[in-house]
Amino acid sequence: MTTDNGHSGGCLCGAVRFRVERIHLTGINCYCEMCRKAHGGAFSTHVPMRRDQFVLTSGSLAVFNSSAEGRREYCPDCGTHVLVHGQTADGSVAVPAGTFDGDPPISLVSHIFVRDKVGWYEIADDLPQFDGWPPGVVNTHPA
Ligand SMILES: [Zn+2]
Ligand SMILES: [Zn+2]
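Quick notes on the rules
Residues numbered from 1 in each chain as written. Chains lettered and ligands numbered in written order. Predicted model: local features only at pLDDT ≥ 70, side-chain atom pairs only at ≥ 80, totals over all residues. Helix = DSSP H or I, 4+ residues; strand = E, 2+ residues; numbered from the N terminus. Rg over C-alpha atoms; globule rule 2.2 N^0.38 Å. Buried ≥ 20, exposed ≤ 12 C-beta atoms within 10 Å, placed from the backbone. Contact = placed C-beta atoms within 7 Å. Core = buried A, V, L, I, M, F, W, Y, C linked by C-beta atoms within 7 Å. Pairing = 2+ DSSP bridges.

Engineer: Could you clarify how one ought to interpret the overall build of the protein chain in this entry?
Structural biologist: Scanning the protein chain from terminus to terminus reveals 1 helix and 11 strands. Ordering the α and β elements of the protein chain from the N terminus gives β-β-β-β-α-β-β-β-β-β-β-β. Its C-alpha atoms give the protein chain a radius of gyration of 15 Å, within 12% of the compact-globule value 15 Å for 143 residues. Taken over 143 residues, the protein chain has a buried fraction of 28%. When contacts within the protein chain are restricted to residue pairs at least 6 apart in sequence, long-range pairs at least 24 apart make up 55% of them.

Structure follows, in structure tokens:
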């Protein structure tokens, strides 16, 4: 559901609910193996934001440390991942795009970790593709 100043979302079972206090959402498709495993698909679409723009409104999140610096928070009841930390050194977080309610407009901006993309999925748009992190992103763990 979209409201004047943000968007709501939640996990599959409904125990975890959140709001994102941000009007414009951008999406980045990540093809790394961790995203594939965590989300069970060819890629994960992440919506990056400042940490203070994510507000947990009900339920609680369990934590999985997916790498030395990164962690993913998920619903302990149904396993839906709703928050990804530690991808960049600026402290920003990302929400998997599919957890938003309804179909809020999300502007897809790029594809990252394309070097890890599976052979059975083809990227069919003209957005920028990066083998790892885009130039300029200071990541906190070795790519
Ligand atoms: Zn759940
Ligand atoms: Zn990834």
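Engineer: Looking at this structure, how should I read the environment of Gly 27?
Structural biologist: With respect to the helices, strands and loops of the structure, Gly 27 is situated in strand E4 (residues 25–30). Remark: the alpha-carbon pair of Gly 27 and His 46, spanning 19 residues in sequence, is separated by 5.4 Å. The residues contacting Gly 27, other than those within four sequence positions of it, are Thr 45, His 46, Val 47, Ala 97, Ile 106, Ser 107, Leu 108 and Val 109.

Engineer: Quick question: what am I supposed to make of the nonpolar core here?
Structural biologist: A general trend in soluble globular proteins is that nonpolar side chains are found buried together. In terms of nonpolar packing, the biggest core is built from 15 residues, with Phe 54, Val 82, Leu 83 and Val 95 touching the most fellow members. Those elements that provide at least two residues to this core are strand E3 (17–20), strand E9 (81–85) and strand E10 (93–96). Among residues more than four places away in sequence, those in contact with Val 82 are Cys 11, Val 16, Phe 18, Leu 61, Glu 73, Tyr 74, Cys 75, Val 95, Pro 96 and Thr 99. Counting 8 residues, the second-largest nonpolar core is a separate cluster that includes Tyr 31, Cys 32, Ile 112 and Phe 113.

Engineer: When you look at the pairing of strand E8 (residues 71–74) in this model, what are you seeing that I'm missing?
Structural biologist: Strand residues, when the strand is regular, have side chains that alternate between the two faces of the sheet. What you see with E8 is a clean split: Arg 72 and Tyr 74 sit on the buried side and Arg 71 and Glu 73 on the side with no burial. Here 3 bridges tie strand E7 (residues 62–64) to E8, and the two strands are oriented antiparallel to one another. Looking at the pairing, Val 63 lines up with Glu 73 of E8. Between E7 and E8, which pair antiparallel and follow one another directly, the connecting turn spans 6 residues.

Engineer: What should I look at first to understand unusual backbone geometry in this one?
Structural biologist: It is generally the case that most residues other than glycine have a negative phi and that most peptide bonds are trans. Notably, Phe 113 is not glycine yet its phi reads approximately 55°, a positive angle. Along the chain, the position of Phe 113 falls in the segment after strand E11 (106–112). For Phe 113, a count of 22 C-beta atoms within 10 Å corresponds to the buried category.

Engineer: How should I be thinking about the environment of Gly 14 in this particular structure?
Structural biologist: On the secondary structure map, Gly 14 appears in the loop between strand E2 (6–10) and E3. Considering only alpha carbons, one finds Gly 14 and Thr 80, 66 residues apart in sequence, at a separation of 9.9 Å.

Engineer: Where do I start with the environment of Asn 5 in this structure?
Structural biologist: On the secondary structure map, Asn 5 appears in the loop between strand E1 (2–3) and E2. Sequence separation of Asn 5 and Pro 135 is 130 residues, and the distance between their C-alpha atoms is 31 Å. Discounting chain neighbours no more than four positions away, the residues touching Asn 5 are Glu 21 and Ile 23.

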